[in-house]
Amino acid sequence: MQFSQHMCEELDLILKFPMDSMMQGLKVHQDAEPALVEAAKRLFEKGIIDQKDGGYLTDLGLDLAEHAQTLQSALKS
């Protein structure tokens, strides 16, 4: 199975979350790129972030972000 465009957009958004502090999140403004706004909504529906416009990563989101960073690092090499 290949990554769909939606999956890539969601992964890109997950990688934007700061990982150095659990007290930091992000906000996706409604005037942001439509694909980014929709990716945030999908991540919220999947329980990966705690607000439909960003917020914080959930426990699942944190786990996925760590894996996404590992994958990104491995593919950069």
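Residues numbered from 1 in each chain as written. Predicted model: local features only at pLDDT ≥ 70, side-chain atom pairs only at ≥ 80, totals over all residues. Heavy atoms only, no water.

S.K.: Could you give me a rundown of the side chain of Arg 42, with the residues and numbers involved?
M.R.: Its place among the elements puts Arg 42 in helix H2 (residues 34-45). Separated by 3.4 Å, the side chain of Arg 42 and the backbone oxygen of His 6 make a polar contact. When near neighbours in sequence (up to four residues on either side) are disregarded, Arg 42 contacts His 6, Glu 9 and Glu 10. (Helix = DSSP H or I, 4+ residues; strand = E, 2+ residues; numbered from the N terminus. Polar contact = N/O pair within 3.5 Å; in protein donor to acceptor, adjacent residues only side chain to side chain. Contact = heavy atoms within 4.5 Å.)

S.K.: Kindly report on the packing of helix H1 (residues 5-16) against H2, identifying the contributing residues and their values.
M.R.: Axis separation between H1 and H2 bottoms out at 9 Å; the angle between their running directions is 85 degrees. By the criterion of interaxial angle, the relationship of H1 to H2 is roughly perpendicular. Between H1 and H2, the contacting residues are His 6, Glu 9, Glu 10, Leu 13, Ile 14 and Lys 16 on the first element and Ala 35, Leu 36, Ala 39, Ala 40, Arg 42 and Leu 43 on the second. Partitioned by chemical class, the residues of the contact of H1 with H2 number 7 nonpolar, 1 polar and 4 charged. (Axes fitted to C-alpha atoms, helices over the stretch in contact; angles between N-to-C directions. Parallel < 35°, antiparallel > 145°, perpendicular 65-115°, else oblique. Nonpolar A, V, L, I, M, F, W, Y, C, P; charged D, E, K, R; others polar.)

Any functional reading would require information that these geometric values do not contain.
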